Amino acid sequence: MKKTLLAAGVAAMMMGATPVMAKTLVYCSEGSPEGFDPAIYTTSTTFDATSETVFNMLVQFKPGTTELEPAIAKSWEVSDDGLSVTFHLRDDVKFQTTDFFTPSRPLNADDVIWSFERQMDKGNPYYKLANGNFEYFNAMSMGELIKSIEKVDEHTVKFVLTEPNAPFLANLAMPFASIHSQEYEQQLIDEGKPQQANQQPIGTGPFQFVAYREDAAIRYQANPDYFRGKQPIDNLVFAITPDAQVRYQKLMAGECQVMPFPNPSDVKAMKQNDAIQVLQEPGLNVAYLAYNTQEKPFDQPEVRRALNMAINKQAIIDAVFQGAGEVAKNPIPPTMWSYNDAVKDDPYDPEKAKQMLADAGVKNLKMDIWAMPVQRPYMPNARRTAELMQADLAKVGVDVNIVTYEWGEYLKRASAVDRKGAVILGWTGDNGDPDNFMGTLLSCAGVGGANRSQWCYKPFDDLIQQARTLSDQAERAKLYEKAQVIFKQQAPWDTLAHSTVFMPIRKEVTGYVINPLGLHSFEGVDIQE
Amino acid sequence: MFKFILVKLAQLVPTFIGVTIVAFAFIRLLPGDPILLMAGERGISAERYAQLQAQFGFDRPLPVQYWEFLKGLLHGDLGNSLVTHSPVVGEFFSRFPATMELSLFALAFAVIIGLPAGVLAAIRRGKTLDHTVVGISLTGYSMPIFWWGLLLIMFFSGTLGWTPVSGRISFMYFIEPVTGFMTIDTLLAGDWGAFLSALHHLILPAIVLGTIPLAVIARQTRSSMLEVLGEDYVRTARAKGLSSYRVIMVHTLRNALISVVTVIGLQVGLLLAGAILTETIFSWPGIGKWMIDAISRRDYPSVQGGLVLIAFIVMIVNLLVDLAYGVINPRIRH
């Protein structure tokens, strides 16, 4: 405690701040940001350091949920035909004043339009600077979806779409949709140094950028003009600490107060430590085994279901996830709206599985199971998972050969329509919309791409396509619930697990909420002295 | 001497070309595709893939890519990182001083402990002290850096709380880089507290990185001391009745140092290799950690550029060692 006070005091003097009791929160982040323009990158490490601190979007996810709430836009309406969305902007949003930029005006519609034009207008200097590499914007097909953006008045912006698209709103809460200052970026262009926007960002967010030392630390201070009020902590420091064990040591030593991504094996000891509290939440993710539904005999739903029944998923949760996860039955996690809890999972029943395989005329089946070479948030150890599956399937007379490739190669080969075998893979949601799971991973359009089961089933596809065009969430939910029933009957995947996310923080930290989308935000966080 | 330098420099050219080929080929021989890695689980459409390939120039034949790489190199341009989109040269040199500072401290630690230990072991040949030095250096030499680093962190930082866990300086100090050497920059900034913090942060990583060179130096010093001690002129010196201090320090050590200097020079490569692991454990913001990240993301320009720069630096250091050697021992020049 003494150490913290001392640290806070010295930090205050360093910052030249008048209050001696300046509060500094240190976050032991897992890696370096790639840059400070959230539009051109795709990793959550970069988003934590940019969109979660410096920037705001038009709309945002309510902390701890995947529900939308107002941010820069105080309200919005969707036209009856679903082809346009009008946003009414707050009029009290100011861009940050730092030692490298002083805004002359508050945020208005021009900034919103600018923030999207820099990603879609080939003539925009930032588009040219980034060579159009706005990967998220592209991946979400925003360029095709947005027909035009119109300035209705100073504080009203209208997006005109090429087709009705319900997930569009959730997309606008994603980091790539951060609102930049047109004035700042235009000024940088005029000065001939537009790339500085990627090194010294200016946004409207709760914290403003102070300095970055490559691979070492990022320093922020509370934005005094923040539209939701100044933050309770004065300084925020990201201490870049790639090794999970070292992060843990630093947390124990009080060198940082919050750390992400602990080693699962350390969690038990952390929970017993008096100085530390371990927050936990089911992650917005799913791990699955995707059969190739175009390969014989996996083209028969009965065979896929039989194999699902032969695999003991609870044993995988216990051994591989060390209990830090739950068995999945649906392709979306239970924290997401439209989750159909009425769906019944195929039970673990090797005897019945054997019988079903025999009924389907499958004898002496040999198959490949692919194990990813990397650890992902939804899957701590794919190799071990594959071995457990191998042993389970051997019991029903299926001979499993485990294969693996280097990660990039794995992702590529797993996409091939004529691929042999079933692949272990997973997904972490990036906007909390069911379409982000079912549309991305299981639609006919995704075959040969992100749809690793190569599964195109019209009754299912019709439902999710229709759901995408509706703006009423209750109606959409009904369609997705139906889609989950069909999914379970057809079983293109064996749904394996939803992992648990752990967030160890020191006891004195209050107000920290786990973000289901896997980002880390410090808005509203305080330190009790 | 001038001719000697010229010959040495000329010898560098083919080596350097070899290095560029290896650096270029190394990352491309690894399986994996940077564009696919960037796309992740979502995958990427064939058109977008082709577009990115063309943009990065990966669609061109390898010899053409290599030629472009060489041309850039001659202009001091190693391209832009695929991940951060910033110039590789800038990314490298903003981190290199951190590695150099750590390596210098590690080397100083290795020399200050290793040299006297080797000398003492040689003088006390066959005694307990000798066995201890030989035993410890053997252990030190075979110590896995990763394990050793974590062990020290857990004990000195975790249990005792004497040293900071990781990083280069306390987060409270944001020193503007001038030389890039934290110890020097903090002094330039006139910030005594920051200087002490920087030193404090150097202790554990320097020990971890210096352990293997220390073992090598101690062993080399010991064996070359023993060799020289057996020479006729040392016997003569002793017979002349010189004090044993004089015999050891002047007649033996000076001559034994020749091979020790070479070994120290050779440690530079080893230090840079060891820095990769040490920096990862201690979150040390140097090129080691940077290279590991670049390799895991298959960031071709960063990896090939980084390798060439590291090789270039090692070659220069070896050249300087050769030259120093030529100065100490003029016979080498011929």
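Just so you know, these numbers come straight off a predicted model, no measurement behind them.

Caption draft 1: Geometry of the overall build of chain A. Tallying secondary structure elements over chain A gives 18 helices and 19 strands in all. Computed over its C-alpha atoms, the radius of gyration of chain A comes to 25 Å, within 12% of the 24 Å expected for a compact globule of 529 residues. When the backbone C-alpha atoms are referred to their principal axes, chain A occupies close to 75 × 55 × 40 Å. Of all 529 residues assigned to chain A, the portion counted as buried reaches 60%. With an accessible surface of roughly 19,600 Å², chain A has 50% of that area assigned to carbon and sulfur atoms. Treating the 50 positive side-chain charges of chain A as one cloud and the 67 negative ones as another, the clouds have centres 5 Å apart.

Caption draft 2: Looking closely at the overall build of chain B. A count of helices and strands for chain B gives 13 helices and 0 strands. Counting only C-alpha atoms and orienting by the principal axes, one finds that chain B spans roughly 85 × 55 × 40 Å. Among the 334 residues that make up chain B, the fraction classed as buried is 50%. Sequence separation of at least 24 residues holds for 72% of the intrachain contacts in chain B that already meet a minimum separation of 6. In the structure as shown, chain B presents an accessible area of about 16,000 Å², 70% of it carried by carbon and sulfur atoms. Side chains of chain B carry 24 positive and 19 negative charges; the gap between the two charge centres is 14 Å.

Caption draft 3: Structural view of the UniProt feature "transmembrane region" (unreviewed entry) in chain B. UniProt tags residues 12-30, 102-123, 144-163, 192-217, 256-277 and 307-328 of chain B as "transmembrane region" (unreviewed entry). For the annotated span residues 192-217 of chain B, helix accounts for 100% and strand for 0% of the residues, and the straight-line distance between the end C-alpha atoms is 33 Å.

Caption draft 4: The sheet that holds strand 8 (residues 207-213) of chain A, seen in detail. Residue and element names in this part refer to chain A. If you walk across this open sheet you meet the 4 strands as 1-10-9-8, and the pairing is mixed. Both edges of this open sheet fall to strand 1 (24-29) and strand 8, since each of them pairs with a single strand only. In this sheet, adjacent strand axes meet at a mean angle of 20° when their direction is disregarded. As paired strands, strand 9 (residues 217-222) and strand 10 (residues 235-240) are joined by 5 bridges and run antiparallel to one another. Within the sheet, the bridge partner assigned to I218 lies in strand 10 and is F238.

Caption draft 5: Examining empty space enclosed by the protein more closely. All names here are of chain A. What the rule picks out here adds up to 1 cavity of 30 Å³ or more. By volume, the largest cavity amounts to about 40 Å³. If you go around the largest cavity, the residues you meet are S29, E30, G31, P33, T45, D48, A49, I218, F238 and I240. Counting residues per element, the ones that place at least two in the lining of the largest cavity are helix 2 (44-49) and strand 10. When residues in the lining of the largest cavity are grouped by element, the largest group, 3 residues, is from helix 2. Looking at the lining of the largest cavity residue by residue, the class counts come to 5 nonpolar, 3 polar and 2 charged.

Caption draft 6: Up close: the environment of B:H201. Residues and elements named next belong to chain B. With respect to the element layout, H201 can be found in helix 9 (residues 192-229). Sequence separation between H201 and T163 is 38 residues, and the spatial gap between their C-alpha atoms is 7.0 Å. There is a polar contact of 2.7 Å between the side chain of H201 and the backbone oxygen of S197.

Caption draft 7: Focus on the UniProt feature "domain: ABC transmembrane type-1" (unreviewed entry) in chain B. Feature annotation in UniProt assigns "domain: ABC transmembrane type-1" (unreviewed entry) to the following positions: residues 96-321 of chain B. The span residues 96-321 of chain B shows a helical share of 80% and a strand share of 0%, and its end C-alpha atoms are spaced 21 Å apart.

Caption draft 8: Representation of the environment of B:R298 in the model. Here B:R298 is to be found in the loop between helix 12 (287-296) and helix 13 (300-328). Assessed through its relative accessible area of 10%, B:R298 is described here as buried. In this structure, the C-alpha to C-alpha distance between B:R298 and B:L82, residues 216 residues apart in sequence, is 8.6 Å. If near-sequence neighbours (up to four positions away) are discounted, B:R298 is found in contact with A:E406, B:I27, B:L30, B:P31, B:G32, B:P34, B:L37 and B:L82. Reaching out from B:R298, the side chain makes a polar contact with the side chain of A:E406 at a distance of 3.3 Å.

Caption draft 9: Molecular detail of the interface of chain B and chain A. Between chain B and chain A, the contact holds 43 residues from the first and 56 residues from the second. For the pair chain B and chain A, the interface holds 6 salt bridges. For B:R48, the salt bridge goes to A:E135, with nearest N and O atoms at 2.8 Å. Secondary structure elements with two or more residues in the side of chain B that touches chain A: helix 2 (34-39), helix 3 (46-56), helix 5 (88-123), helix 7 (145-159), helix 11 (244-281) and helix 12 of chain B. Here the residues of the side of chain B that touches chain A sort into 22 nonpolar, 12 polar and 9 charged.

Caption draft 10: Highlighting the packing of helix 7 of chain B against helix 9 of chain B. All names here are of chain B. Interaxial distance between helix 7 and helix 9 falls to 10 Å at its minimum, and their mutual angle equals 145°. Here the hand of the crossing between helix 7 and helix 9 comes out right-handed. For the pair helix 7 and helix 9, the contacting residues are I145, W148, G149, L152, I153, F156 and S157 in the first and L204, I207, V208, T211 and I212 in the second. Of the residues assigned to the contact of helix 7 with helix 9, the class counts are 9 nonpolar, 3 polar and no charged.

Caption draft 11: Inspection of the layout of surface pockets at higher detail. Residues and elements named next belong to chain A. Roughly 370 Å³ of volume is contained in the second largest pocket. Looking at the second largest pocket, it is lined by 24 residues, and the ones nearest its centre are L68, A166, L169, Q473 and R476. Of all the elements in the fold, those that place two or more residues in the lining of the second largest pocket are helix 7 (168-171) and helix 18 (473-490). Among the elements that take part in the lining of the second largest pocket, helix 7 stands out by supplying 3 residues, more than any other. Its residues assigned to classes, the lining of the second largest pocket comprises 12 nonpolar, 8 polar and 4 charged.

Caption draft 12: Spatial organisation of the nonpolar core. By size, the foremost hydrophobic cluster in this structure holds 152 residues, and its most contacted members are A:L58 and A:F116. If we skip the residues at most four places from it in the chain, A:L58 touches A:P70, A:A71, A:I72, A:A73, A:F87, A:L89, A:V112, A:F116, A:F159, A:L172 and A:I179. In terms of nonpolar packing, the next biggest core, distinct from the first, is built from 35 residues, B:A23, B:Y66, B:W290 and B:L319 among them.

Caption draft 13: Fine view of unusual backbone geometry. All names here are of chain A. The omega torsion across K296 and P297 is -5°, close enough to zero to call that bond cis. You will see that F261, though not glycine, has its phi angle at about 50°, which is positive. Checked against the element boundaries, F261 lands in the loop between helix 9 (244-253) and helix 10 (267-272). What makes F261 partly exposed here is its relative accessible area of 37%. The backbone of A491 sits at a positive phi, close to 45°, despite the residue not being glycine. Note on placement: A491 falls in the loop between helix 18 and strand 17 (493-506). The exposure class assigned to A491 is buried, which follows from its relative accessible area of 0%.

Caption draft 14: Representation of helix 12 of chain B within the structure. Here helix 12 of chain B has its buried residues at B:I287, B:G288, B:K289, B:W290, B:M291 and B:A294. Looking one or two residues beyond helix 12 of chain B, the residue adopting positive phi is B:R298, at roughly 50°.

Caption draft 15: Spotlight on the packing of helix 1 (residues 2-29) of chain B against helix 4 (residues 62-74) of chain B. Residues and elements named next belong to chain B. Two numbers describe how helix 1 lies on helix 4: the axes approach to 11 Å, and their chain directions differ by 130°. As the angle between them shows, helix 1 and helix 4 are arranged oblique. Pair helix 1 / helix 4 crosses with right-handed handedness. Every residue of helix 4 that contacts helix 1 at F16, I17, T20, I21, F24 and R28 is listed here: L62, Q65, Y66, F69, L70 and L73. Across the contact of helix 1 with helix 4, the residue classes break down as 9 nonpolar, 2 polar and 1 charged.

Caption draft 16: Inspection of the pattern of salt bridges at higher detail. In total, this model carries 38 salt bridges over all chains according to the counting rule given. With a closest N to O distance of 2.9 Å, A:R376 and B:E41 form a salt bridge. With A:R376 in the loop between strand 14 (366-370) and helix 14 (382-394) and B:E41 in the loop between helix 2 and helix 3, this residue pair bridges two chains. On the accessibility criterion, A:R376 (28% relative accessible area) is partly exposed. Between A:R468 and A:D435 there is a salt bridge; the shortest N-O distance is 3.1 Å.

Criteria and thresholds
Per chain, residues are indexed from 1 in the order of the written sequence. To read the labels, note that chains go from A and ligands from 1, taken in the order they are written. For a predicted model such as this one, the threshold for reporting local features is a pLDDT of at least 70, and the threshold for listing and counting side-chain atom pairs is 80 or more; totals across whole chains, interfaces and linings nevertheless cover every residue. Hydrogens and water are ignored here; the side-chain numbers use all heavy atoms of the structure. Where helices and strands are cited, they refer to DSSP runs of H or I of at least four residues and of E of at least two residues respectively, numbered from the N terminus. When we talk radius of gyration, it's over C-alpha atoms, and the globule rule is simply 2.2 Å times the number of residues to the 0.38. The cut-offs for exposure are 20% and 50% of the maximum accessible area for each residue type, with area from a 1.4 Å probe on protein chains only; residues under the lower value are buried, those over the upper are exposed, and the others partly exposed. Computed with a 1.4 Å probe, the accessible areas rest on the Shrake-Rupley method; for each residue, only the protein chains presented here act as cover. The charged-residue count follows a simple rule in which Lys and Arg add positive charge and Asp and Glu add negative charge, with His and chain termini not counted at all. To locate a charge, take atom NZ for lysine, CZ for arginine, CG for aspartate or CD for glutamate. Contacts are assigned to residue pairs that have any heavy atoms within 4.5 Å of one another. UniProt positions are given in the numbering used here, feature names are shortened, and annotations may be inferred rather than shown by experiment. Paired strands are those between which DSSP finds at least two bridges. With axes taken as lines fitted to C-alpha atoms, and helix axes fitted only over the stretch in contact, angles between N-to-C directions fall between 0 and 180 degrees. Both site types are read off a 1 Å grid over the protein atoms alone. A 1.4 Å probe that fits but cannot get out defines a cavity, while an open set with protein on both sides within 12 Å along at least five of seven lines defines a pocket; lining residues have an atom within 4 Å of a point. Grid points are joined across faces, edges and corners, and a volume is the space filled by probe spheres set on the points. All residues other than Ala, Val, Leu, Ile, Met, Phe, Trp, Tyr, Cys, Pro, Asp, Glu, Lys and Arg, Gly among them, are scored as polar; the first ten of these are nonpolar and the last four charged. We define a polar contact as two N or O atoms separated by no more than 3.5 Å, with the added condition that, inside protein, one atom must be a possible hydrogen donor and the other a possible acceptor, whereas residues neighbouring each other in sequence contribute only through side-chain atom pairs. Note on definitions: salt bridges are taken to be side-chain nitrogens of Lys or Arg within 4 Å of carboxyl oxygens of Asp or Glu. Should the near helix be turned anticlockwise from the far one by less than a right angle, the crossing is left-handed, and should it be turned clockwise, the crossing is right-handed. Among buried residues, the Ala, Val, Leu, Ile, Met, Phe, Trp, Tyr and Cys ones that are joined through side-chain atoms within 4.5 Å form a nonpolar core. The scheme is simple: roughly parallel for angles under 35 degrees, roughly antiparallel for over 145, roughly perpendicular for 65 to 115, oblique for anything else.

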